[in-house]
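What the coordinates show
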Protein chains: 2
Amino acid sequence: MEYKKVVVDGYGGDNAPLEVLKGIKKSLDEIHDLKVIITGKSEEVYNLILEKGLGLENYARLEIIDAPDIITNDESPTVAIKTKTESSLVKGFEYLKNNEDAIGLVSAGSTGAVLTGGFLKVGRIKGVSRPVLAPVLPTMKGTPVILADSGANMDCKPINLLHFALMASRYAENMFGVKNPRVALLSVGTEDHKGNDLVKKTFEYMKELPINFVGNMEARDLLSGDYDIVVADGFAGNVALKSCEGTLQTLLGILKSDIKSHTMSKIGYLFMKGTFKRLRKNFDYNQYGGSPFLGVNKIVVKCHGSSKAESFYQSIKQAYNLGQSNLIQSISSSVNGIDIKIEE
Amino acid sequence: MEYKKVVVDGYGGDNAPLEVLKGIKKSLDEIHDLKVIITGKSEEVYNLILEKGLGLENYARLEIIDAPDIITNDESPTVAIKTKTESSLVKGFEYLKNNEDAIGLVSAGSTGAVLTGGFLKVGRIKGVSRPVLAPVLPTMKGTPVILADSGANMDCKPINLLHFALMASRYAENMFGVKNPRVALLSVGTEDHKGNDLVKKTFEYMKELPINFVGNMEARDLLSGDYDIVVADGFAGNVALKSCEGTLQTLLGILKSDIKSHTMSKIGYLFMKGTFKRLRKNFDYNQYGGSPFLGVNKIVVKCHGSSKAESFYQSIKQAYNLGQSNLIQSISSSVNGIDIKIEE
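Residues numbered from 1 in each chain as written. Chains lettered and ligands numbered in written order. Predicted model: local features only at pLDDT ≥ 70, side-chain atom pairs only at ≥ 80, totals over all residues. Heavy atoms only, no water.

**Comments concerning the packing of aromatic side chains**
Note on aromatic pairs: each is described by the distance of the centres and the angle between the planes. For the structure on display, the rule yields seven aromatic pairs over all chains. Between Phe203(B) and Phe213(B), the aromatic rings sit 5.4 Å apart at their centres with planes inclined by 70 degrees, giving edge-to-face as the arrangement. In this pair, Phe203(B) sits in helix H7 (residues 197–206) while Phe213(B) sits in strand E9 (residues 212–218), placing the two residues 10 residues apart along the sequence. Accessibility expressed as a relative area gives 16% for Phe213(B), which makes it buried. Lying across the ring of Tyr313(A), Lys26(A) places its NZ or CZ 4.3 Å from the centre. (Phe/Tyr/Trp six-rings, centres within 6.5 Å; stacked < 30°, edge-to-face > 60°. Helix = DSSP H or I, 4+ residues; strand = E, 2+ residues; numbered from the N terminus. Buried < 20%, exposed > 50% of the residue type's maximum accessible area, 1.4 Å probe, protein only. Lys NZ or Arg CZ within 6 Å of the ring centre and 35° of its normal.)

Below you can see the structure in the form of structure tokens.
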């Protein structure tokens, strides 16, 4: 049997390596032609497997590659990727790059380091101006929405946003089977002329792309379910994403503390537990796995730093599926197939 | 007795003119040296006062100025302000400009038109590079946070953001009595080097300003209560503001429909009504009145398009208070008092 290899950074994220291992276990048990390469402190990992009774010690489809070093969130991503050659992330990228049968990498480590590693070690797809970090968010209608970019590219030109739209369209098709995904441009109003310089210029070019461009949208409708893809520069996209997360947390925080301090509400909460459970599930940003870094030559999935077993499992499955899909080739032909003259 | 005159656009917003009139009534009954000038279709307004029994027909402190035309949200703000000379908004701005004892204007009309009107009719304070629209949002700690800019200036330079910081600091002092307000720069992380080009450049200059600059902040902490003022370009600020509003609406919408379709939750809701009431009150964006347009020569307050009586009342009171405060002079001396060399 030929195995599909997914590389997992064993020491990325707040809950590594235990939750990483639990996620790997679930993936291996479910997908029988999957092989996982985990990078990290091999002895520690092995001891943890025994100590916690994870039952992974005899798995032939799990390989541990020793990587004694760790890249933290506080380091300069470029310096870390270039110098920390013994880190779990760099070792993982090296494996991904050097092994043809390795189809993807999953990491919950420093976003900057994962992006820089993908860019420097795996490399851009030829023709792609800038790779894009494209998380998937839940919406009111239960359908996913892809936000491209969410923070990989701070200052953008129109050509970058056009490429984001093309790449995210291919991702929506390959990952969710969405036909003709609706692409909108993040702006300050839905009218054609609204926005900053970048949005106004991009709008005109976007109309010429072979995508289903539905026009400008407002940040208030990000979670409406009216769009499959929202395109933005990485700064604005990051602001939108984090504002949503922050409001959600603030609101649930206020609810929680209010309920705690009012007896009637405490009683009410007992009856409403189902509602809150469904709400949390609906808004679980991990239900769709991690955020793919689209535009690099192999599948790279960045998980949230606070990821737990379920999220690692979803992300490994995502890398496994995308790695076997047509995504990279279709991004390449999309990006290289357009013929738009851009004035800079 | 010398009256303080506040001009109110009688035909701005979704609920004009009835809710505008109700708000005026409350203001006049509470503030005894206030005189309100309302602009709009005078006959219609007068008939409405009688028909609805608003009790305003004999108020000497209410003056109706006839303005048969209305500026809508769909029009180009600049064209509308220049050509619709008989509109309620332009008539209001003309009154504000030509009468020394008129201290402020309140409108729930088209944001673009209110900003353009303020800029063209009332004029900038000398030295201010760009006026700023600075709404006040509620936070988790119950304190307000001022967002400057929220959408008046799409493309900004560092000097604009520095002026926003200075003007909002003076506003926080005058409006809320906050001493040494904490100013943060909206970015994609709290670290000094994070952000796009604009933020990185502005950060360096911001440190030199005579304000309480606390560094970069992330959009997720906008409602945390850890900052009194958040400074951003109008595009990013608008994205943050609308993402918060949108998430809040989405979340409450999902809660509502879930409660409706589950009997247990319906029962629970009866016990939890107090919690939801307090939540809505805490997140009521109108509790602090409207958004001032800082940097123009008189007080201009923009109310939300969906404003009701309470919000008009709050905004009129806000204009009345700010119009008598030291705000305009202190903005002028702040902005003209700094000596920072900016490389463009």
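What follows continues from the structure just given.
**Thoughts on the pairing of strand E12 (residues 299–302) of chain A**
Residue and element names in this part refer to chain A. Burial along E12 is two-sided: the residues Ile299 and Val301 and Val300 and Lys302 are all buried. Looking at chain direction, strand E4 (residues 102–107) and E12 are connected through four bridges and run parallel. Paired with Gly104 across the strands is Ile299, a residue of E12. Pairing geometry for strand E11 (residues 291–294) and E12, over two bridges, is antiparallel. Across the sheet, residue Pro292 finds its bridge partner in E12, namely Val301. (Pairing = 2+ DSSP bridges.)

**Here we look at helix H9 (residues 263–282) of chain A**
Over its 20 residues, H9(A) extends 27 Å from the first C-alpha to the last, a length consistent with the 28 Å expected when each residue adds 1.5 Å. Listed in full, the buried residues belonging to H9(A) are Ser265(A), Gly268(A), Met272(A), Thr275(A), Phe276(A) and Leu279(A). As for H9(A), its buried residues are in contact with helix H8 (234–260) of chain A together with helix H8 (234–260) and helix H9 (263–282) of chain B. (Expected span 1.5 Å × (residues − 1). Contact = heavy atoms within 4.5 Å.)

**Here we look at the relation of the copies chain A and chain B**
Superposition record for chain A on chain B: RMSD 0.0 Å, screw rotation 180 degrees, translation along axis 0.0 Å. Classification of the inter-copy transformation places it as that of a two-fold axis. For chain A, the minimum C-alpha distance to the rotation axis belongs to Gly268(A) and amounts to 1.9 Å. The fraction of interface residues of chain A whose copies in chain B are also interface residues reaches 100%, indicating that both copies meet through the same surface. (Least-squares fit on C-alpha atoms with pLDDT ≥ 70 in both.)

**Quick word on the sheet that holds E4(A)**
Residue and element names in this part refer to chain A. Read from one edge to the other, the open sheet built from seven strands follows the order E3-E2-E1-E4-E12-E11-E5, with strand pairing classed as mixed. Looking at which strands have only one partner, the edges of the open sheet turn out to be strand E3 (62–66) and strand E5 (132–133). As defined by bridge partners, strand E1 (residues 4–9) adjoins E4 across four bridges and the pair is classed as parallel. Residue pairing in the sheet places Lys5 in a bridge with Ala102 of E4. Contacts from helix H10 (residues 309–324) reach E1, strand E2 (34–40), E4, E11 and E12 within the one sheet, and its direction differs from that of E4 by about 150 degrees. (Axes fitted to C-alpha atoms, helices over the stretch in contact; angles between N-to-C directions.)

**As for the side chain of Asn160(A)**
Residues and elements named next belong to chain A. Note on placement: Asn160 falls in helix H6 (residues 158–176). Here Ser129 takes part through its side chain, which lies 2.9 Å from a polar atom of the side chain of Asn160. Only 2.8 Å separates the side chain of Asn160 from the backbone nitrogen of Lys157, close enough to count as a polar contact. If we ignore the near neighbours within four places in the chain, the residues touching Asn160 are Ser129 and Arg130. (Polar contact = N/O pair within 3.5 Å; in protein donor to acceptor, adjacent residues only side chain to side chain.)

**A few points about the pattern of salt bridges**
Taken as a whole and judged by the stated rule, the model has 38 salt bridges over all chains. The salt bridge involving Lys35(B) is made with Glu63(B); its shortest N-O contact spans 3.6 Å. One end of the pair, Lys35(B), is in strand E2 (residues 34–40); the other, Glu63(B), is in strand E3 (residues 62–66), with 28 residues separating them in the sequence. By relative accessible area, Lys35(B) is classed as buried at 17%. Using a relative accessible area of 27% as the deciding quantity, one classes Glu63(B) as partly exposed. Lys84(B) is the partner of Glu75(B) in a salt bridge, and the nearest nitrogen-oxygen pair spans 3.0 Å. The structure contains a network of salt bridges with shared partners spanning Glu218(A), Arg220(A), Lys242(B) and Glu245(B). (Salt bridge = Lys/Arg side-chain N within 4 Å of Asp/Glu carboxyl O.)

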